[in-house]
Amino acid sequence: MLTGQPARAASADLPDSRLAAITVAAVGLALLGLVVLPSLPGGLGRPGGPVLQTAAILGSALLLASFVAVLRKKAGHPGKAGFRAHVWLASAGAVLVAVHSTGSLFKIPSLLLLALAGLIALGVWSRVLGSRQMARIFGTKMAGFSKPDEVTRTRLKALIGEKQALLREIETGASEATFSLQPRHWLASPARAWTYHQAVLEEHRLIGTRATVSPVLAYWRIFHRLIAWGFLIGLAVHILTVTFFAGYVAEGREIYWWHLAEWGG
């Protein structure tokens, strides 16, 4: 039994080679769809036609599910399983959404496609190259093991005390050394969660967490999250406009896609 556990643990991870293969396959399928599907007869290859609109709906659902998979990791669920689900769901969803776009880069919704491409590129870079750069830098971060000056030690001690006091209200019994905020904490007590988060940022600044790494390594995760949230907001706006403001979207042209209202015509 004991000899089988490491093998199962290793198999739960997603190797870089497989991640690269999934990405290449997704790009290939998207390009193939962009070439083949627009030539379908009877208008089936139009973005709002029954085939490509269905692809857009399924793709959007898969992309939303991939976002939820990341949130589940934040909520304390297994990280490796969540990452695998995130990769597979995001890859399949990206293919369907890209095919739905028919490759048009001269309309406002194309910004969503560009944001999606940026998310994929940044995600693959962080896993394949960024993680290796971080691993090389970790061994050189001697400042993290050096003793800070008296002023810094006094401020760190006060910060830890503040965090421990907040933690008794946020999650009783949790250890300040290992605790991290989760979505449920932000929902239950946004003000306390914000104050705790600011204390964590101040602690990182005093310790110099980001001082010994490049700006790309220090802030890529923030950029990734901002682009992801921007994409989700843009996707929601696009869905609402084509569904309820079909007249506005059509601009006097034929409204051939499925919709609920023609407001804005």
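Bear in mind the structure is a predicted one, so any value in this text is a computation, not a measurement.

Observations concerning the overall build of the chain
For step 1, the next point in the chain: Along the backbone of the chain there are 10 helices and zero strands.
For step 2, the next point in the chain: Beginning at the N terminus, the succession of helices and strands in the chain can be written as α-α-α-α-α-α-α-α-α-α.
For step 3, the next point in the chain: Looking at the 265 residues of the chain, the share that counts as buried comes to 29%.
For step 4, the next point in the chain: Here the contacts in the chain between residues at least 6 apart in sequence split such that 60% fall between residues at least 24 apart.
For step 5, the next point in the chain: Here the chain displays about 16700 Å² of accessible surface, and carbon together with sulfur accounts for 69% of that area.

Structural notes on the nonpolar core
For step 1, the next point in the chain: Core analysis: the biggest nonpolar cluster contains 12 residues, these being Leu 63, Phe 67, Ala 90, Ala 94, Val 97, Leu 112, Leu 116, Leu 119, Ala 228, Phe 231, Leu 232 and Leu 235.
For step 2, the next point in the chain: Of all the elements in the fold, those that place two or more residues in this core are helix H3 (50-74), helix H4 (79-101), helix H5 (110-138) and helix H9 (215-244).
For step 3, the next point in the chain: It is H9 that contributes the most residues to this core, four residues altogether.

Side note on the environment of Glu 251
For step 1, the next point in the chain: Position of Glu 251 among the secondary structure elements: in the segment after helix H10 (246-250).
For step 2, the next point in the chain: Of the residues examined, Glu 251 reaches a relative accessible area of 64% and is grouped as exposed.
For step 3, the next point in the chain: Note: C-alpha distance between Glu 251 and Gly 264 (13 residues apart in sequence) is 8.7 Å.

Description of helix H2 (residues 16-36)
Counting along an α-helix, one turn takes 3.6 residues, and residues three or four places apart therefore face a common direction.
For step 1, the next point in the chain: For H2, spanning 21 residues, the distance from its first C-alpha to its last is 30 Å, which sits close to the expected 30 Å at 1.5 Å a residue.
For step 2, the next point in the chain: Those residues of H2 that sit buried are Leu 19, Ile 22, Thr 23, Ala 26, Ala 30 and Gly 33. All buried residues of H2 lie within an arc of 95° about the axis, which places them on one face of the element. In this structure, H2 carries Ser 17, Val 24, Leu 31, Leu 32 and Val 35 as exposed residues pointing more than 90 degrees from its buried face.

Points about the side chain of Ser 101
For step 1, the next point in the chain: Note on placement: Ser 101 falls in helix H4.
For step 2, the next point in the chain: Only 2.5 Å separates the side chain of Ser 101 from the backbone oxygen of Ala 98, close enough to count as a polar contact.
For step 3, the next point in the chain: If we skip the residues at most four places from it in the chain, Ser 101 touches Leu 34 and Leu 113.

Looking at the environment of Leu 112
For step 1, the next point in the chain: Tracing the backbone shows Leu 112 in helix H5.
For step 2, the next point in the chain: Taking the relative accessible area as the measure of exposure, Leu 112 reaches 15% and is therefore buried.
For step 3, the next point in the chain: Taking C-alpha positions, Leu 112 is 7.0 Å from Leu 235, a pair spaced 123 residues apart along the chain.
For step 4, the next point in the chain: Contacts of Leu 112, omitting those with residues within four sequence positions, involve Phe 231, Gly 234, Leu 235 and His 238.

Considerations on the packing of helix H6 (residues 150-170) against helix H8 (residues 190-207)
For step 1, the next point in the chain: Close contact between H6 and H8 brings their axes to 10 Å; oriented N to C, the two are set at 155°. Between H6 and H8, the crossing angle belongs to the class labelled roughly antiparallel. The chirality of how H6 crosses H8 is left-handed. Every residue of H8 that contacts H6 at Thr 152, Arg 155, Leu 156, Leu 159, Ile 160, Lys 163, Leu 166, Leu 167, Glu 169 and Ile 170 is listed here: Arg 192, Ala 193, Thr 195, Tyr 196, Ala 199, Val 200, Glu 202, Glu 203, Leu 206 and Ile 207.
For step 2, the next point in the chain: When its residues are assigned to classes, the contact of H6 with H8 shows 12 nonpolar, two polar and six charged.

Quick notes on the packing of aromatic side chains
For step 1, the next point in the chain: For the structure shown, the criterion picks out five aromatic pairs.
For step 2, the next point in the chain: With a centroid separation of 5.0 Å and 80° between ring planes, the pair formed by Phe 67 and Trp 229 is classed as edge-to-face. Taken together, the residues Phe 67 in helix H3 and Trp 229 in helix H9 connect sequence positions 162 residues apart.
For step 3, the next point in the chain: Residue classification places Phe 67 among the buried residues on the basis of a relative accessible area of 17%.

Here we look at the pattern of salt bridges
Here the idea is simple: oppositely charged side chains can pair when their charged atoms come close.
For step 1, the next point in the chain: On inspection of all chains with the given rule, the structure shows nine salt bridges.
For step 2, the next point in the chain: Residues Arg 153 and Glu 150 are paired through a salt bridge, measuring 2.3 Å at the closest nitrogen-oxygen approach. Of this pair, Arg 153 and Glu 150 both sit in helix H6, three residues apart, which is roughly one turn of that helix.
For step 3, the next point in the chain: Given a relative accessible area of 49%, Glu 150 falls into the partly exposed group.
For step 4, the next point in the chain: Its salt-bridge partner being Arg 184, residue Glu 171 comes within 3.0 Å of it at the nearest N-O pair. In this pair, Glu 171 is assigned in the loop between H6 and helix H7 (183-188) and Arg 184 in helix H7, connecting sequence segments 13 residues apart.
For step 5, the next point in the chain: Looking at Arg 184, the relative accessible area reads 45%, which means it is partly exposed.
For step 6, the next point in the chain: When salt bridges with common partners are traced through the structure, they connect Lys 163, Glu 176 and Glu 203 into a single cluster.

Each value, and the rule that gives it
Residues numbered from 1 in each chain as written. Predicted model: local features only at pLDDT ≥ 70, side-chain atom pairs only at ≥ 80, totals over all residues. Heavy atoms only, no water. Helix = DSSP H or I, 4+ residues; strand = E, 2+ residues; numbered from the N terminus. Buried < 20%, exposed > 50% of the residue type's maximum accessible area, 1.4 Å probe, protein only. Contact = heavy atoms within 4.5 Å. Areas by Shrake-Rupley, 256 points an atom, 1.4 Å probe, with all protein chains shown as cover. Core = buried A, V, L, I, M, F, W, Y, C linked by side-chain atoms within 4.5 Å. Expected span 1.5 Å × (residues − 1). Arc of directions from axis to C-beta. Polar contact = N/O pair within 3.5 Å; in protein donor to acceptor, adjacent residues only side chain to side chain. Axes fitted to C-alpha atoms, helices over the stretch in contact; angles between N-to-C directions. Parallel < 35°, antiparallel > 145°, perpendicular 65-115°, else oblique. Left-handed = near helix turned anticlockwise from the far one by under 90°. Nonpolar A, V, L, I, M, F, W, Y, C, P; charged D, E, K, R; others polar. Phe/Tyr/Trp six-rings, centres within 6.5 Å; stacked < 30°, edge-to-face > 60°. Salt bridge = Lys/Arg side-chain N within 4 Å of Asp/Glu carboxyl O.

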